[in-house]
Amino acid sequence: MNRAIAGSGAVVPFAVLVSGNGTNLQALLDAERSGRLGRGQVALVISDRRGAYALERARLAGKKALLIEPDQNLPKEARRRDLSDRIQAAVREAQAEFIVLAGFLSILQGSILDTYRERIINIHPSLLPKFGGPGMYGERVHQAVLAAGETVSGCTVHIVDQGTDTGPILLQRTVPVLPKDTTESLAERIHHEEHIAIVDGVLELISRLGNMDNRRAFS
Ligand code: GAR
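The residue count restarts for each chain, going from 1 along the sequence in the order it is written. Predicted model: local features are reported for residues with pLDDT of at least 70 only, side-chain atom pairs are reported and counted for 80 or more only, and whole-chain, interface and lining totals are derived from all residues. As a rule here, side-chain values come from all non-hydrogen atoms in the structure, and water together with hydrogens is ignored.

**Student:** Would you mind showing me how to read the site of the ligand here?
**Tutor:** Around the ligand, the surrounding shell holds 13 residues, and the nearest of these are G22, T23, N24, G138 and E194. Each polar contact in these results corresponds to two N or O atoms within 3.5 Å; when the atoms are within protein, one needs to be able to donate a hydrogen and the other to accept it, and residues that are neighboring in sequence are counted only if both atoms are side-chain atoms. P125 is positioned with one of its backbone polar atoms (N or O) 3.5 Å from an oxygen atom of the ligand. Between the ligand and H191, the relevant distance is 3.2 Å, taken from an oxygen atom to a side-chain nitrogen or oxygen of the residue. Each accessible area value is a Shrake-Rupley result obtained with a 1.4 Å probe; residue values ignore everything except the protein chains displayed when judging cover. Isolated, the ligand exposes 450 Å² of accessible area, and the fraction of that covered by the protein chains is 90%. Neighbouring residues are identified by heavy atoms, a residue being near a molecule or strand if any of them is within 4 Å of it.

**Student:** Please explain the nonpolar core as it appears in this structure.
**Tutor:** One broad rule of soluble globular proteins: the nonpolar side chains tend to lie buried together. F14, V16, L28, F98, V100 and V202 are the most contacted members of the largest nonpolar core, which has 41 residues in total. With ten residues, the top contributor of residues to this core is helix α6 (residues 183-218). It only takes one pair of heavy atoms within 4.5 Å for two residues to be counted as in contact. Contact partners of V202, with chain neighbours within four places excluded, come to F14, L28, L37, F98, V100 and I121. Nine residue types can take part in a nonpolar core, namely buried Ala, Val, Leu, Ile, Met, Phe, Trp, Tyr and Cys, and a core is a set of them joined through side-chain atoms within 4.5 Å. The classification of residues rests on relative accessible area computed with a 1.4 Å probe and restricted to protein chains. Under 20% of the type maximum is buried, over 50% is exposed, and intermediate values are partly exposed. Elements are defined by DSSP. Helices are runs of H or I of four residues or more, strands are runs of E of two residues or more, and each kind is numbered from the N terminus.

**Student:** What should I look at first to understand the pattern of salt bridges in this one?
**Tutor:** For side chains bearing opposite charge, pairing can occur when the charged atoms are close. What makes a salt bridge here is a side-chain nitrogen of Lys or Arg within 4 Å of a carboxyl oxygen of Asp or Glu, nothing more. Taken as a whole, this structure holds twelve salt bridges when the rule is applied. Notably, a salt bridge pairs R59 with E56, separated by 3.9 Å at the nearest N-O pair. Of this pair, R59 and E56 both sit in helix α2 (residues 53-60), three residues apart, which is roughly one turn of that helix. Measuring nitrogen to oxygen at the nearest pair gives 2.7 Å for the salt bridge that ties D181 to R189.

**Student:** Sorry, what's going on with the pairing of strand β2 (residues 40-47) here?
**Tutor:** The side chains of a regular strand alternate between the sheet's two faces. A large share of β2 lies buried, amounting to six of its eight residues. Running through helix α1 (residues 23-34), the crossover from strand β1 (residues 12-18) to the neighbouring parallel element β2 is right-handed. Strand pairing is assigned whenever DSSP detects at least two bridges linking the two strands. As paired elements, β2 and strand β3 (residues 65-67) share three bridges and run parallel to each other. Looking at β3, one finds that S47 is bridged to L67. Here a crossover is taken to be right-handed if, once the strands point away from the viewer, the path from the first strand over the helix to the second is traced clockwise. For the handedness criterion, the β-α-β arrangement of β2, α2 and β3 is classed as right-handed.

Right, here's the structure in full:
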């Protein structure tokens, strides 16, 4: 990783980690193609799940796509660490400046969290800190929101720290929860907002990294 983000015109390559369909990845790929991603450039897509359609989306866009699966022979903690270490090696190899978790369901642990501190962002389909934490992903989040009788939900882009869904929030987008909503209808409404939020989150992070480097340069 290049600690200092290069001057204003330079491309900022990043990695996207996925586990499933990859509509958020698609939003990033589309934004890159249309120029809405600014200096951001998807350098690498990594899936921890074989058969994730997100990998196909990456290949169709001409992006490097890797499958890095958890080693099921290892106990839980060691498995997370081993997966994280292998992902870190691939991200370093691709010279990515930061990492976007776009529907990535494994928990990152160990060295990657230190090396890429404040350089990993995650998108979550609720208004954190509500409806986050271990086991809260995808449909389960929307089920919990409906069960709690919430009238507003949405999505959050946040910096990843040592916890699950606990890091500093970069931005949120809200949607109404309607009386007739099902988990599917609510998920669809939120997904639409996520596709805007994830692009804005990447732009925000690139801007922050640039500012951090400027401060370092003048101190
Ligand atoms: C998205 O809704 C994302 O917020 C969620 O998984 C979905 C992936 O959709 N992530 C989590 O729940 C993480 N806790 P996609 O594969 O179509 O982008």
